[in-house]
Each structure stands twice: as C-alpha cells, then as structure tokens.
Amino acid sequence: MESEVLYNFLKEIELFKDLTDEELKLLMEITEVIKVNKGEYIYKENTPRENLFMIFEGTVELFKSAPNGKEKILQIFGKYEFIGEGAMMESYPHSTSGRTTADSTLVVIKRKSLESLLEKYPQMVGKIFARIARVISRRMRVTSNQVVGAAAQYLSGRTRSEHDLLGDREVPYEFYYGVQTLRGYENFNITGIPISHYPTLVVALAQVKMAAAKANCDLGLLNDKIADAIVQASEEIVNGKWHIHFVVDVIQGGAGTSTNMNANEVIANRALELMGYEKGQYEHCHPNNHVNLSQSTNDAYPTALNIATVYETKNLINVLKELIQSFRNKANEFSQIIKMGRTQLQDAVPMTLGQEFEAYAVNLEEEIARLESNAKLLLEINMGATAIGTGICSAPGYSESVVKHLAEITDLNLKLAANLVEATSDTGAFVIFSSAVKRLAVKLSKICNDLRLLSSGPRCGLNEINLPPMQPGSSIMPGKVNPVIPEVVNQIAFKVIGNDLTVTLAAEAGQLQLNVMEPVIAQSIFESIRMLINGIHTLKDKCIDGITANEKVCRSYVENSIGLVTALNPYIGYENSTMLAKEALETHRGVYELVLEKGLLPKEKLDEILLPENMIKPTLL
C-alpha cells in the first residue's frame, strides 16, 4: 500500500485523531497490511488479544458461539472501523470471534510494536490510549443503558463529528441519531427507559414526519428526492426498524424537544443512506431544515403523543375484552352454584356464583365505551401550529394538507383543532383520558380484592373459590399459597392512580402558550396502559381462567346463614323470620335446619325456594 494512501487512511481512524502529522508517520512504521480471503478468521474466541485490526477494504463480522453450536452475529464492521483495540492495553482473551465476510484488506498494529513505541514516544502513545479508553467507556455506557443490548460493547468505536448551537460533538458512527439526541441522552438519565420502550410512540413520531414530508412536497417546499427518502425512512420505522436508535429518556426537560430531535436525526440519517450519502452529511438532508420542516416540537410531539395514546388504547381494549370473556365463561360455568351475597362484609341474601362473575364482566365492559369515548378527544390535533399556534414558519394550506396525509397514514379520523393557540397549550384531553384509565384500574383492583376474599382460607377464610396456585406463599409457613396474581394487579392499580395524579398536576403546571410538562404526561399514561395490559394478561391467564368453585362450601354458607331468612320472609312471614334469626344466633344453628324442625316449610318447598334459578330473578307474583 502506498505511503500516502496509508497515511490518509490512518487519519480517518478514530483512535488516531489526536496525533500530529509527524506522529502519524511514526505510527505508519509499525503497521502491517494484510490480505484476508472471505470467510477466514482474523482471530478466534478465547485466544489471546495481540493485534488491532483496521479495515481498509471489505467487511468483518463479530460473532459469539452458543452452547448449541450456533453462532450469534453481533456486529459487522466496514471501512475505517477497527476491532481489537483492547489488545493495545491488555492481552486477555477475545470474548468473540472475527471473520471476514468479503475479501478484505486490513491494516494491523501488534500490541508488542505499540509497547516498543511507548518507550520512545510515551506522549504520543498516551494519546492513543486515551482514545481507546474513551471508546471502551462509551461502549460500556451505552450497554449499561440498554440502548442496543449486549451487542453495544462491540461497536466499532468509529465516530462522526456533528455540531449544534453548543458546539461540536463526536457521535458513534453506527448510530442514526445525532448531536442533539446525544445531548438529550446524556442530560436525561432519569427513568432509564428510552422512548423506544414504547413502540407506538416511535411509530407515531415517524408517521408525523412522513405526513409532514408529503405535505411539504405538495406545497413545493421539499423536492421529490428528499421527500421520498424521508417517507421511506419513516416507513421503515413504522415497520419496526431502527427503534433501538430512539434513545432519549421518556421524561425530559424541553417539552419533548429531545424526543422530536431524536426522530428528526434518525430519519435524516437513514434518508441520507437511502440517497447514497453518509450519515451526518446534512447538507443533503437536514434534521431541522428538511425532516422538521413546517413543524416545531410543540405541534409534532403532542400530535405523536395523541396518536400513540390512541394506538395504546386499542391494545388495552383488546386485552380487556379477553378478560371480560374469561369472567363471562366462569359466570356460565358457575351459573348453578348457590352462595351467599354479602354487603358490608355481612351476610345479605342468596345469589349464584355465576351472578357474581357476570357482574365482574359487565362492570369491566362499561370501561370499553368509556375508554373509546375519551380516546376520541385525542383525535383533535394541532399540526401546523408550529411554536405557539400562530402557524409561523409554515406555508398557507400546510395544516390542512398535513392533517389529511396523517389521517390517511394512521387510518384515524384526525381533525385539525379549531383554535391552534388554544390546542397548543391545552392538555385537558389527557386529564380526561387518564381518569378513564384510572377508573378501569380502580375497578380491576376492587375485583381482585373480592377474589382474595372469596379464596381466603382454605380452612379459616371464605374458601368459596380456588385460585390457581402459582407459587409457594411463604418462606417459613409450609403449605401456604398466596393470591399473588390479584395482589400484583392491586399494586398496578396503585401505580395507575398515582400516575393519574401526576397527569393532573402536569396539566395544571402549563404556563401561557405551552405546557412543557407533556413528557411526564406521556410517560405516566404510557406506563399506566402498559402495566394494565401486562396485568390484565396475567390476571386472565394465570388466575381467572383457572378458578374453580367449592360448591359445597358455598351451599353450606347459604343453609347456615342468618341472611337466609330474608329470602324466606315472603313465605313464612316477618314474625317467623325474626324468631328464626334470633334463635339461630343464640343457638349457633342454621336457619335451614330450624325451618324444617319447626315445620314452617316442607323440605321440597324450601329446596325449591333455594334453587339457583329462583335466586337470580324476582319470583313473587
């Protein structure tokens, strides 16, 4: 390889960007250029680290071997990327294997050669070590925050330089996000949960950007090439790609600007690739000038929140319908099992266990209509309002066009708000919607309280039903099984109730033309819905579907209950009923037994009165 070509190549390697021209020439003296055929190993797992490999031509894949003999591909590296930089600092074994996936030309530096250079030029080699440490630190930080999973520690270490209002920053080359996302990622390590944790929000953001690109193209503000690239990049995100690059925390300052810029930068960089450019070549497709054209965070972000919440509501309703059906199935199964109803935890009048479970089904069914009704409030959006609702920096007709495109893309009946200034600052729809989510949580929790009571025992409680045993209930009491599934749903409800209060306080905290607290509104609502979806799934699959009834226990409570006299009152009269109740209490005997003993009713008639079918409807003429 010619000296000038090698020199220019080394200048592009991240590890050597701090070196002077003279130092780069010294480094060239210890490099080796090798040719590697496709499919050949450059190193294997568990062998000592000895070399730093830099890719001049071709590609190299990193992979790990699994116990079943299969290989897990972690990353594929290309030109200007480097592998094995840790070998320059220590000789501990490789944790992965490296293999070429094409005929490749590699530039290699041996660890021993760098150690020799260190003795003569410690300051120069120190610069290289500092860069290596930064690369390793960045990988570990990314891995710890679970941005891209375990493969994050195998990023190439290559960066690209980007700048914003605050100056220049180096962004990891593989990532589609840019400098503003990087700042948001670093500033807001709050919940540890990135926006990618909520795929519907990522999808909604991409749909907003897609609609904006189409509207701007219609108005002649974007040329077809850029608009098509933005639309294609956005479609890929809608289809599930690139979500791992949405890394900023859900809760953030700036009224959602970091989230909006995360979307703008990912879409811009992917659009650049689609047009044949490198990431970061923003002169061809800029996150602000092109992807965010005719928008601001103050209309794009809340619109995406609205759409994502509608999507999440549909998911919630779907699982809720499944739970309702499970309760209804149990209602049919238990329709002939008589039991005592209770008010204020005291014996009331007989009913069937089926009636109790049917009431749960109907109770929850009401919430479907409530959720659907409240979610409709979110279909009113403020696209085109830009900063405060005046439409500044957008063209006439943009609002109507972008809403039309967005409605077609989302298949939702989206409407432009009548007053965009009002719509930009108002978050009242989220307050109402959150209250519906809370109401559902409260009802679920009440039902779970009932299930815990009805299954209490098994010897010293009600013991009318059996919940599926899911795990041992005590570390010290053998044989104890707890109602763990209803308990976890109770706790979910507590979180949802707290989140609803957060939404209320955040909505109240809005000032003048904007509510900057929308990120915590979004986080609270999305967390509530996601926890409810998971909780409802768990309740249905691990509890309701497996409930069985203790029919004999239920009937014995009826026969021995003082409350039975209420059902008998129309047949034996108030005076007799009062006398029976008093005697039953004093003698600890059952009402059923005393009725037969005193001859107040024949056994056939008494059993007829207590037939389940006579307990579920009015029977007196």
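Residues numbered from 1 in each chain as written. Predicted model: local features only at pLDDT ≥ 70, side-chain atom pairs only at ≥ 80, totals over all residues. Heavy atoms only, no water.

A word on the overall build of the chain. Scanning the chain from N- to C-terminus turns up 22 helices and 16 strands. Split into buried and exposed, the 621 residues of the chain put 51% on the buried side. Per element, the accessible surface of the chain, about 28,300 Å² overall, is 52% carbon and sulfur. The averaged location of the 75 negative side-chain charges in the chain is 4 Å from the averaged location of its 61 positive side-chain charges. (Helix = DSSP H or I, 4+ residues; strand = E, 2+ residues; numbered from the N terminus. Buried < 20%, exposed > 50% of the residue type's maximum accessible area, 1.4 Å probe, protein only. Areas by Shrake-Rupley, 256 points an atom, 1.4 Å probe, with all protein chains shown as cover. Lys, Arg positive; Asp, Glu negative; His and termini not counted. Charge placed at Lys NZ, Arg CZ, Asp CG, Glu CD.)

All told, the structure shown has eleven aromatic pairs when counted by the stated rule. Taking 5.3 Å as the distance between ring centres and 70° as the angle between the ring planes, the aromatic pair formed by Phe9 and Phe56 counts as edge-to-face. With Phe9 in helix H1 (residues 3-11) and Phe56 in strand E3 (residues 51-57), the pair connects residues that are 47 residues apart, well separated along the chain. Exposure class is identical for Phe9 and Phe56. Each is buried. Cluster of aromatic residues (ring-pair linked, three or more members): Phe327, Phe334, Phe357 and Tyr360. Cation over ring: Lys44 sits above Tyr41, and NZ or CZ is 4.7 Å from the ring centre. (Phe/Tyr/Trp six-rings, centres within 6.5 Å; stacked < 30°, edge-to-face > 60°. Lys NZ or Arg CZ within 6 Å of the ring centre and 35° of its normal.)

A word on the pattern of salt bridges. In a structure, side chains of opposite charge can pair up when their charged atoms sit close to one another. By the definition in use, this model includes 38 salt bridges. Between Arg270 and Glu236 there is a salt bridge whose closest N-O contact spans 2.7 Å. With Arg270 in helix H8 (residues 257-274) and Glu236 in helix H7 (residues 224-238), this pair connects stretches of sequence that are 34 residues apart. Note on accessibility: Arg270 and Glu236 belong to one class, buried. We note a salt bridge from Glu367 to Arg439, for which the minimum N-O separation is 3.0 Å. Here Glu367, found in helix H11 (residues 353-375), pairs with Arg439, found in helix H14 (residues 428-454); they are 72 residues apart in sequence, far enough to count as distant. The structure contains a network of salt bridges with shared partners spanning Glu14, Lys17, Asp18, Arg131, Arg134 and Glu170. (Salt bridge = Lys/Arg side-chain N within 4 Å of Asp/Glu carboxyl O.)

Our focus in this paragraph is a nonpolar patch on the surface. Side chains of Met1, Val5 and Val33 sit close together on the surface and give an oily, nonpolar patch of about 220 Å² of accessible area. Among the structural elements, Val33 can be located in strand E1 (residues 31-36). Residue classification places Val33 among the partly exposed positions, given a relative accessible area of 36%. (Patch = residues over 30% accessible without salt bridge, like charges linked within 9 Å, V, L, I, M, F, W, Y side chains within 5 Å.)

A sheet is described by the order of its strands in space; here four strands give the open sequence E2-E7-E4-E5, paired in antiparallel fashion. For this open sheet the edge positions go to strand E2 (41-43) and strand E5 (71-77), each flanked by a neighbour on one side alone. On average, each strand axis in the sheet is inclined to that of its neighbour by 30°, with strand direction left out of account. Across two bridges, E2 lies against strand E7 (residues 97-100) in antiparallel orientation. In the strand pairing of E7, Tyr43 is matched with Gly98. (Pairing = 2+ DSSP bridges. Axes fitted to C-alpha atoms, helices over the stretch in contact; angles between N-to-C directions.)

Time to look at unusual backbone geometry. A cis amide bond links Gly457 to the next residue, Pro458, at an omega of 5°. Looking at the secondary structure, you find Pro458 in the loop between H14 and strand E15 (465-466). If you check the backbone angles, Thr386 has positive phi at about 45° while not being a glycine. Locating Thr386 in the fold gives a position in the loop between strand E13 (380-381) and helix H12 (398-410). Phi at Leu512 is positive, roughly 55°, even though this residue is not glycine. Relative to the helices and strands, Leu512 resides in the loop between helix H15 (484-508) and helix H16 (518-542). Judged by its relative accessible area of 75%, Leu512 falls in the exposed class.

Turning our attention to the state of the cysteines. The tally for this structure, following the rule as stated, stands at zero disulfides. Take Cys448: it sits in no disulfide, and the sulfur closest to it among the cysteines is that of Cys543, at 6.9 Å. Here Cys460 stays unpaired: no disulfide links it, and the sulfur of Cys554, its closest cysteine neighbor, is 17 Å away. (Disulfide = S-S within 2.5 Å.)

Glancing now at the packing of helix H5 (residues 179-187) against H8. Each packed pair of helices is defined by two parameters, the angle between the axes and the distance between the axes. Where H5 contacts H8, the axes come no closer than 8 Å and their chain directions differ by 140°. Between H5 and H8, the crossing angle belongs to the class labelled oblique. Handedness of the crossing formed by H5 with H8: left-handed. Across the interface between the two elements, Val179, Gln180, Thr181 and Gly184 of H5 pack against Ser258, Met261, Asn262 and Glu265 of H8. When grouped by side-chain class, the residues that make up the contact of H5 with H8 number two nonpolar, five polar and one charged. (Parallel < 35°, antiparallel > 145°, perpendicular 65-115°, else oblique. Left-handed = near helix turned anticlockwise from the far one by under 90°. Contact = heavy atoms within 4.5 Å. Nonpolar A, V, L, I, M, F, W, Y, C, P; charged D, E, K, R; others polar.)

As summarised here, the arrangement of the four strands in space is E1-E8-E3-E6, forming an open sheet in which the pairing is antiparallel. A single partner strand is all that each edge strand has here, and the edge strands are E1 and strand E6 (82-83). With six bridges connecting them, E3 and strand E8 (residues 104-110) associate as antiparallel partners. Pairing of Asn51 across the sheet is with Lys110, part of E8. Against the sheet, H1 touches E1, E3 and E8, its axis set at about 110° to E3.

Okay, the pairing of strand E4 (residues 60-65) next. With six bridges joining them, E4 and E5 adopt antiparallel strand pairing. When the bridges of E5 are listed, Phe63 appears paired with Ile73. As judged from the four bridges shared by E4 and E7, these two strands associate in the antiparallel manner. Bridge pairing links Leu62 to Gly98 in E7.

Attention now moves to H7. The end-to-end C-alpha distance of H7 is 20 Å, a good match for the 21 Å that 15 residues give at a rise of 1.5 Å each. Within H7, burial applies to Ile226, Ala227, Ala229, Ile230, Val231, Ala233, Ser234, Glu236 and Ile237. Looking at the buried positions of H7, the neighbouring elements they touch are helix H6 (199-218), H8 and helix H9 (287-291). (Expected span 1.5 Å × (residues − 1).)

Here Ser561 lies in the loop between helix H17 (551-560) and helix H18 (564-572). Using a relative accessible area of 2% as the deciding quantity, one classes Ser561 as buried. Once you skip the residues sitting within four places of it in the chain, Ser561 turns out to touch Met340, Asp347 and Val591.

Within the span of helix H3 (residues 111-120), buried status applies to Arg111, Leu114 and Leu117. All buried residues of H3 project into a common sector of 115° when viewed along the axis, lining one side. Turned more than 90 degrees off the buried face of H3, the exposed positions are Lys112, Glu119 and Lys120. (Arc of directions from axis to C-beta.)

Before going further, it helps to spend a moment on the confidence of the model for the chain. Counting all residues, the mean pLDDT for the chain is 88, and 93% of those residues have values of 70 or more. Scored below 50 in pLDDT, residues 144-154 shows 25 contacts in the model against residues more than four places distant or in partner chains. (pLDDT = per-residue confidence, 0-100.)

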